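# A closer look at the structure
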Amino acid sequence: MPDDEQVHLAAESFRLLADPTRIKILWALLQGESSVACLAEIVGAAPTAVSQHLAKLRLAGLVRGRREGTFVHYSAADTHVRALLAEALFHADHTDHNLPDHGGPHSHAITP
């Protein structure tokens, strides 16, 4: 059984991912580093809204910012974010297309 802190942090990550715009932002960041303006164009949202989403994702440790002069370039925090988002999207695709479960490369056993 995971400890209370692990459960809390996992729940917080899921809570923050429960927003379509944030999922799009993370997907875009998994393609490479990006600025707020570029992300806003990609996800079809106002830069101020994207900036607010990024601030929340950053506080949760899901994204990182790298300052270069007056610009901040954002990226996904680590490979765990890639795996988390990929599994969520694979699950959505299976659910959407009523596909059976499989024991292939995208199924992971939970280990303590």
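Residues numbered from 1 in each chain as written. Predicted model: local features only at pLDDT ≥ 70, side-chain atom pairs only at ≥ 80, totals over all residues. Heavy atoms only, no water.

## Some remarks on the confidence of the model for the protein chain
Heads up, the condition is: The score called pLDDT rates the predictor's confidence residue by residue, from a low of 0 to a high of 100. Only runs of H or I of at least four residues qualify as helices and only runs of E of at least two qualify as strands under DSSP, and these elements are numbered from the N terminus. Contacts: residue pairs with any heavy atoms within 4.5 Å of one another.
Predicted confidence across the protein chain gives a mean pLDDT of 88, with 90% of residues reaching 70 or more. Confidence, read as mean pLDDT per element, is least for helix α5 (residues 79–96) in the protein chain (86) and greatest for helix α3 (residues 36–43) (97). With pLDDT under 50 throughout, residues 108–112 is counted as low confidence; its partners more than four residues away or in other chains account for 1 contact.

## Re the pattern of salt bridges
To keep things clear, this is the line we draw: The rule for a salt bridge is simple: a side-chain nitrogen of Lys or Arg has to be within 4 Å of a carboxyl oxygen of Asp or Glu. Three exposure classes are used, based on accessible area relative to the maximum for each residue type with a 1.4 Å probe and protein chains only: buried under 20%, partly exposed in between, and exposed over 50%.
The final tally for this structure, using the stated rule, is 3 salt bridges. Among the ionic pairs, R15 bridges to E12, the shortest N-O distance being 2.6 Å. On the criterion of helical spacing, the pair formed by R15 and E12 is a turn pair, its members being 3 residues apart in helix α1 (residues 4–17). In this structure, E33 and R66 form a salt bridge, with 2.6 Å as the shortest nitrogen-oxygen distance. In this pair, E33 is assigned in the loop between α2 (20–31) and α3 and R66 in strand β1 (residues 63–68), connecting sequence segments 33 residues apart. Accessibility expressed as a relative area gives 43% for E33, which makes it partly exposed. Taken together, the shared-partner salt bridges connect E33, R66 and E68 into one network.

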